[in-house]
Amino acid sequence: MRTWFITGGTPGGFGMAYADVVLGRGDRVVLTARRPDELRDWAARHGDDALVLPLDVTDAEQIRLAVAEAERRFGSIDVLVNNAGRGWYGSVEGMDEAAVRNMFELNFFSVLRVTRAVLPGMRARRAGCIVNMSSVAGLVGVPGFGFYTAAKFAVEGLTEVLRQEVAPFGIRVLAVEPGAFRTRAYAGFADEPVEEGVEEYRSMLATVRASMIEQNGRQPGDPVRGVEAVVAAVDRDQTPRRLVLGSAGYDRVADNLEAMLAELRADEAVSRGADFPVAADTGTATRR
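Residues numbered from 1 in each chain as written. Predicted model: local features only at pLDDT ≥ 70, side-chain atom pairs only at ≥ 80, totals over all residues. Heavy atoms only, no water.

Caption draft 1: Quick peek at the sheet that holds strand 1 (residues 3-6). Ordered by their spatial adjacency, seven strands build an open sheet running 3-2-1-4-5-6-7, and the pairing between neighbours is parallel. Unpaired on one side and paired on the other, strand 3 (50-54) and strand 7 (242-245) mark the two borders of the sheet. The average angle at which neighbouring strand axes cross in this sheet is 15°, direction not considered. In this structure, strand 1 lies alongside strand 4 (residues 79-82), joined through three bridges in parallel fashion. (Pairing = 2+ DSSP bridges. Helix = DSSP H or I, 4+ residues; strand = E, 2+ residues; numbered from the N terminus. Axes fitted to C-alpha atoms, helices over the stretch in contact; angles between N-to-C directions.)

What follows is the structure, given as structure tokens:
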């Protein structure tokens with residue numbers, strides 16, 4: 001029996017889907033949320049196997065207290081799921097700087113803080129798994145979501161290095177990149193008008209907003225199936241480095257990576273030509 005610590009327990013989201021799936025397989029769950037009262041009835045149905053804790057993941061002290069309470073209650077955190085986050089839209093040039101900083105605070109720095117809070121216990125036990133919920137936007141740029149894309153790219157980079165640093169301690173790290181899934185993630189766009197400081201981008205952002213509203217409730221991805229795929233990946237003897245979820249997301253990532261590889265190879269001679277020349281007779285670099 002493992003204990004899962006899951007951030008972002010908003011009803012109708014990935015966090016709740018994780019909690020239901022892992023409880024259904026006999027594991028225990030610590031589910032955190034900024035509004036824990038919304039989860040009171042859900043928690044009551046699961047008795048001692050589920051613990052709901054209040055947590056604003058941008059608050060370092062709340063993180064410390066939540067992790068300490070989870071470890072006190074269940075003895076350890078075996079799997080951390082960094083799921084809390086959300087996206088704002090706006091142009092790279094015109095988005096308000098305060099909104100940009102809030103974007104990174106929620107989507108990147110909170111991942112860092114929660115991970116740092118959980119790692120000491122995992123290192124001491126020489127075991128554990130960290131699942132960072134990234135996005136297809138962490139691998140493929142999305143116009144209108146430049147700073148969300150940037151924050152998710154940062155999560156990808158952090159995850160890549162963390163995976164290597166903690167492997168000697170028996171800790172596994174997985175990045176998950178969902179595409180469009182039928183959660184409540186798109187529901188707020190109807191209440192968020194275009195607020196853009198540069199007029200030239202307004203029509204583009206209006207199209208982005210209309211697309212999000214139109215897709216809400218019609219996204220092709222099934223959160224439960226997605227979570228089941230992640231849990232199965234965590235159970236593998238060799239945890240994959242990343243897992244892209246959803247057919248459309250898979251296609252976008254594959255197309256992007258293939259295009260990147262083709263471009264890289266097309267300029268191979270240019271790339272290699274930036275090195276110091278190598279003397280043919282000695283095999284050593286020489287400088288002009």
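Caption draft 2: Quick look at the environment of Asp255. Counting through the fold element by element, Asp255 comes out in helix 8 (residues 247-266). When its relative accessible area of 51% is taken as the criterion, Asp255 is described as exposed. With 168 residues separating them in the primary sequence, Asp255 and Gly87 have C-alpha atoms 23 Å apart. (Buried < 20%, exposed > 50% of the residue type's maximum accessible area, 1.4 Å probe, protein only.)

Caption draft 3: Examining the side chain of Thr32 more closely. On the secondary structure map, Thr32 appears in strand 2 (residues 28-33). A relative accessible area of 0% means that Thr32 is categorised as buried. Look past the residues within four positions of Thr32 in its chain and what remains in contact with it is Phe5, Ile6, Thr7, Gly8, Gly9, Leu53 and Leu55. (Contact = heavy atoms within 4.5 Å.)

Caption draft 4: Representation of the pattern of salt bridges in the model. Scanning the model with the defined rule gives 19 salt bridges in all. Among the ionic pairs, Arg202 bridges to Glu199, the shortest N-O distance being 3.2 Å. It is possible to trace a salt-bridge network through shared partners that takes in Glu156, Glu160, Arg163, Glu177, Arg241 and Arg242. (Salt bridge = Lys/Arg side-chain N within 4 Å of Asp/Glu carboxyl O.)

Caption draft 5: Broad picture of the packing of helix 1 (residues 14-24) against helix 7 (residues 223-235). Packing of helix 1 against helix 7 leaves a shortest axis separation of 9 Å and a crossing angle of 60°. It follows that helix 1 is oblique to helix 7 by the angle criterion. Crossing of helix 1 against helix 7: the hand is right-handed. Here Phe14, Ala17, Tyr18, Val21 and Val22 of helix 1 come into contact with helix 7, specifically with Pro223, Val224, Val227, Glu228, Val230 and Val231. Looking at the contact of helix 1 with helix 7 residue by residue, the class counts come to ten nonpolar, no polar and one charged. (Parallel < 35°, antiparallel > 145°, perpendicular 65-115°, else oblique. Left-handed = near helix turned anticlockwise from the far one by under 90°. Nonpolar A, V, L, I, M, F, W, Y, C, P; charged D, E, K, R; others polar.)

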